[in-house]
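# Residue-level structural notes
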Amino acid sequence: QSVLTQPPSASGTPGQRVTISCSGSSSNIGSHTVNWYQQLPGTAPKLLIYSSNQRPSGVPDRFSGSKSGTSASLAISGLQSDDEADYYCGAWDDSLNGVVFGGGTKLTVL
Amino acid sequence: EVQLLESGGGLVQPGGSLRLSCAASGFTFSSYAVSWARQAPGKGLEWVSTIRGSDGSTYYADSVKGRFTISRDNSRNTLYLQMNSLRPEDTAVYYCARSLDTTTRARFAYWGQGTLVTVSS
C-alpha cells in the first residue's frame, strides 16, 4: 500500500488530454511540492515535473502539473503513442522523514 | 554529461550481504544529494535511502532501516549501499539517482540504468 494514491491505469486516444491524480496527506503533498516521473518500458524513470508544476529542460509543454491542498495532478495534452508508460508521483514526507511514491499509473494510448 | 553507473548486484541467499556501488561523473559529486531507489519485478518505485552532499546527513526507508547503510566517497565520486540481513522481499532493480540541484534531496533528476539484486536460496 503506497503512501501516495494514484489510479492504477489511465487511457486516452491520440490527441486527447488525460489527467492522472495523486492523493496524499498533510505530511507529504500538503507540506511539500510534488514530482512526477515517467518510466518507459524497460528503462529507468525520468523526471517529468518538479516543484509541482515545473518542467525540466527538454520536457515538452504538453506535460503540466498542478497541486491543490493534499492532491496533485499530471496532465498530458495532445496524447501521443510515445506517451505510453508508467507515471509516478513522489514527494517528501515529514512523518516518515523520507521520500514517498505513488503506486504508479499505467497510461495506455488506444 | 551526468552519468551514474551502478554495479554490485547479483544473487545472494537470504540473510546474506551485498554492497552496491554507483560511479558518478559529469558533475561535482560532493555538492549533490544522491539516493537509492528500487523496483521489485513488476512493481512500483520504492525509495530506499538518501545521503546529502552538504553535510552527509542520511535518511532511510523504514523497510531497510537498521539493515542497509548508505555512504559516499567524494574523492572517488562513488555512492555505496551496504545491504545486510537481506530478505527475499529486497529482490529488486536498484537505481541510484541524483537530485536536481544542490539544495534539494527529493527531486531525482538523473538516474542510473539499475542493477538487479536477487535474494533467493
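Above this text sits the structure in question.
So, a few notes on the structure that sits alongside this text. Given the structure is predicted, the values throughout are model-derived calculations rather than measurements. (Residues numbered from 1 in each chain as written. Chains lettered and ligands numbered in written order. Predicted model: local features only at pLDDT ≥ 70, side-chain atom pairs only at ≥ 80, totals over all residues. Heavy atoms only, no water.)

Next up on the list: the overall build of chain B. The number of helices and strands found in chain B is 0 helices and 11 strands. Of the regular secondary structure in chain B, the N- to C-terminal order runs β-β-β-β-β-β-β-β-β-β-β. The C-alpha radius of gyration computed for chain B amounts to 13 Å, which stays within 12% of the reference 14 Å derived for 121 residues, consistent with globular compactness. Here chain B, with 121 residues, has 50% of them falling under the buried criterion. Carbon and sulfur atoms make up 44% of the accessible area of chain B, which totals about 5,300 Å². For chain B, the distance from the average site of its 12 positive side-chain charges to the average site of its 9 negative ones is 2 Å. (Helix = DSSP H or I, 4+ residues; strand = E, 2+ residues; numbered from the N terminus. Rg over C-alpha atoms; globule rule 2.2 N^0.38 Å. Buried < 20%, exposed > 50% of the residue type's maximum accessible area, 1.4 Å probe, protein only. Areas by Shrake-Rupley, 256 points an atom, 1.4 Å probe, with all protein chains shown as cover. Lys, Arg positive; Asp, Glu negative; His and termini not counted. Charge placed at Lys NZ, Arg CZ, Asp CG, Glu CD.)

Residues and elements named next belong to chain B. Counting residues in each nonpolar core, the largest one holds 45 residues, and the members touching the most others are Trp-36, Leu-79, Leu-81, Met-83 and Tyr-94. Among the elements that make up this core, the one with the highest residue count is strand β9 (residues 92-99) (5 residues). Apart from the residues lying within four places of it in its own chain, the contact partners of Tyr-94 are Glu-6, Leu-20, Trp-36, Ala-37, Arg-38, Val-48, Phe-68, Leu-81, Met-83, Gly-114, Thr-115 and Val-117. (Core = buried A, V, L, I, M, F, W, Y, C linked by side-chain atoms within 4.5 Å. Contact = heavy atoms within 4.5 Å.)

Take the packing of aromatic side chains next. As enumerated under the stated definition, the model contains 10 aromatic pairs over all chains in all. Residues A:Tyr37 and B:Trp111 carry aromatic rings whose centres are separated by 5.7 Å and whose planes lie at 80° to one another, so their mutual orientation is edge-to-face. Remark: B:Trp111 occurs in strand β10 (residues 108-111) and A:Tyr37 occurs in strand β3 (residues 35-39); the pair is interchain, linking two chains. By relative accessible area, which is 13% here, B:Trp111 ends up buried. (Phe/Tyr/Trp six-rings, centres within 6.5 Å; stacked < 30°, edge-to-face > 60°.)

Below, the discussion takes up the pattern of salt bridges. Per the stated rule, a full pass over the model turns up 7 salt bridges over all chains. We note a salt bridge from A:Asp83 to A:Arg62, for which the minimum N-O separation is 2.9 Å. On the criterion of sequence distance, the pair formed by A:Asp83 in the loop between β6 (71-76) and β7 (85-93) and A:Arg62 in the loop between β4 (46-49) and β5 (63-68) is long-range, its members being 21 residues apart. The residues A:Asp83 and A:Arg62 share a single accessibility class, namely buried. A salt bridge links B:Glu46 to B:Arg38; the shortest N-O distance between them is 2.7 Å. Judged by its relative accessible area of 5%, B:Arg38 falls in the buried class. Salt bridges here are not isolated pairs; linked through shared partners, they connect B:Arg38, B:Glu46, B:Arg67 and B:Asp90. (Salt bridge = Lys/Arg side-chain N within 4 Å of Asp/Glu carboxyl O.)

Below, the discussion takes up unusual backbone geometry. Residue and element names in this part refer to chain A. Although it is not a glycine, Ser-51 sits at a positive phi angle of roughly 50°. Note that Ser-51 resides in the loop between β4 and β5. Residue class for Ser-51 comes out buried when judged on its relative accessible area of 18%. The phi torsion at Asn-97 lies on the positive side, around 55°, for a residue other than glycine. Mapped onto the elements, Asn-97 comes out in the loop between β7 and β8 (98-101).

With that settled, consider the state of the cysteines. Residue and element names in this part refer to chain B. Evaluated as defined, the whole model comprises 2 disulfides over all chains. One disulfide in the model links Cys-22 with Cys-96; its S-S distance is 2.0 Å. Here the disulfide of Cys-22 and Cys-96 is right-handed, its torsion about the S-S bond being about 45°. Pair noted here: Cys-22 is in strand β3 (residues 18-25) and Cys-96 is in strand β9, with a separation of 74 residues, a long-range link. For Cys-22, a relative accessible area of 2% corresponds to the buried category. (Disulfide = S-S within 2.5 Å.)

By themselves these figures say nothing about function.
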